[in-house]
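Close look at the chain arrangement
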Amino acid sequence: MVTLLWKNQTIVEFVLRGFSSIQEVNIFLFMMFLVFYILVVSGNILIVLLVLFSHHLHTPMYFFLVNLSFLEIWYTSNIVPKMLLIILAKQKTISVAGCLAQFYFFGSLAATECLLLAVMSYDRYLAICQPLHYPILMTGPFCIRLAAGSWLCCFLLTAITVVLLSRLTFCGPNEIDHFFCDFTPLVHLSCMDTSLTETIAYATSSAVTLIPFLLITASYSFILAAILRIPSGTGRRKAFSTCSSHLTVVIVFYGTLIATYLVPSANSSQLLHKGFSLLYTVLTPMFNPIIYSLRNRDIHEALKKCLNKKPSFLR
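Bear in mind the structure is a predicted one, so any value in this text is a computation, not a measurement. (Residues numbered from 1 in each chain as written. Predicted model: local features only at pLDDT ≥ 70, side-chain atom pairs only at ≥ 80, totals over all residues. Heavy atoms only, no water.)

**Brief notes about the UniProt feature "transmembrane region" (unreviewed entry) in the chain**
The cut-off we apply is this: UniProt positions are given in the numbering used here, feature names are shortened, and annotations may be inferred rather than shown by experiment. Only DSSP runs of H or I covering at least 4 residues are called helices, and only runs of E covering at least 2 are called strands; the numbering of each starts at the N terminus.
This chain's UniProt record puts "transmembrane region" (unreviewed entry) on residues 27-52, 64-89, 101-122, 142-165, 200-227, 239-263 and 275-294. The span residues 64-89 is 88% helix and 0% strand, and its two end C-alpha atoms sit 38 Å from each other. Within residues 101-122, the helical portion is 100% and the strand portion 0%, while the C-alpha atoms at the span's ends are 31 Å from each other.

Here it is, written out as structure tokens:
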């Protein structure tokens, strides 16, 4: 076990075990996750570029979608490259500073996604339930404040947990049975009383997951009531189509979080827990661009214009 002195404490260099229990399929896992990572990055970059270069997509809904796509790129890039390295490499170590940094960005970005999804549901609520006031309420500066507030709030809250983690003494064993540095495996390696750290971490994580979830639920309750009041079936379908993609993303995101963190660890294997973790760290970011573009007429039109646009030297 490698040790080093960090802030006058004996700190171990952690070993990420990854998928060491199924080493016989390492090459297959590496290729599969590499393809998934390429799809995540390319799909979300495509969404960002389409919105930036298509003037008819310069609306609040797509402004928040760009934030979400940028977040997904950063979120996946924080975990997958290191995961690919430990799948193939014999040396699976990660420094303490690197481990804390990875957890900081993971926690901050996951929390930011919760708030952004809540903000996007509020945007859909205003667009459907208060269409006449929507242009007045959802102005450009207000959208920027909502997005910036979501990012800043979550990065500051997660910093509190990381500071508390950095004050813990880790005295072995130094193996983390996961493919990234998550909170629970880290805390379990400490030989100090972690009750204060765990209490504050669970309080902050509950606040940034449950409160947005309640806001999303309330927004869609009003949206559903408004849609049901529309007399024509065509009108109802058109109104629902404007929020169906976002609702699908919310269900997938919160569904995977619930499956991962509410399944009792005593009744499930660590391999199963890793499988659930893959859902929200790799698969959900990959599906989001697909979900938003599959039945989105605006995205389809923007993509067609880009594909049909001739380069300047061919005109």
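**Considering the sheet that holds strand β5 (residues 175-176)**
Rules: Strand pairing follows a simple DSSP-based rule, namely that at least 2 bridges must link the two strands.
The strand order across the open sheet formed by 3 strands is β4-β3-β5, and the pairing between neighbours is mixed. In the strand order of this sheet, the two ends are held by β4 (93-94) and β5, each with one partner. Two elements, strand β3 (residues 14-16) and β4, share 2 bridges in a ladder whose sense is antiparallel. Within β4, the residue paired with V15 across the bridge is T93.

**Focus: the side chain of Q102**
Just so we agree on the cut-off: Burial status follows relative accessibility: with a 1.4 Å probe on protein chains alone, a residue under 20% of its type maximum counts as buried, one over 50% as exposed, and anything between as partly exposed. By definition in these notes, contact holds between two residues if any of their heavy atoms fall within 4.5 Å.
Mapped onto the secondary structure, Q102 falls in helix α4 (residues 96-129). Residue class for Q102 comes out buried when judged on its relative accessible area of 4%. Setting aside residues up to four positions removed in sequence, Q102 forms contacts with N78, I79, K82, I94, F180 and C181.

**Overview of the pattern of salt bridges**
This is how it is decided: Whenever Lys or Arg places a side-chain nitrogen within 4 Å of a carboxyl oxygen from Asp or Glu, that contact is recorded as a salt bridge.
Applying the stated criterion across every chain, the model contains 2 salt bridges. For D123, the salt bridge identified is with R124, shortest N-O distance 2.9 Å. This pair shows no difference in class: D123 is buried, exactly as R124 is.

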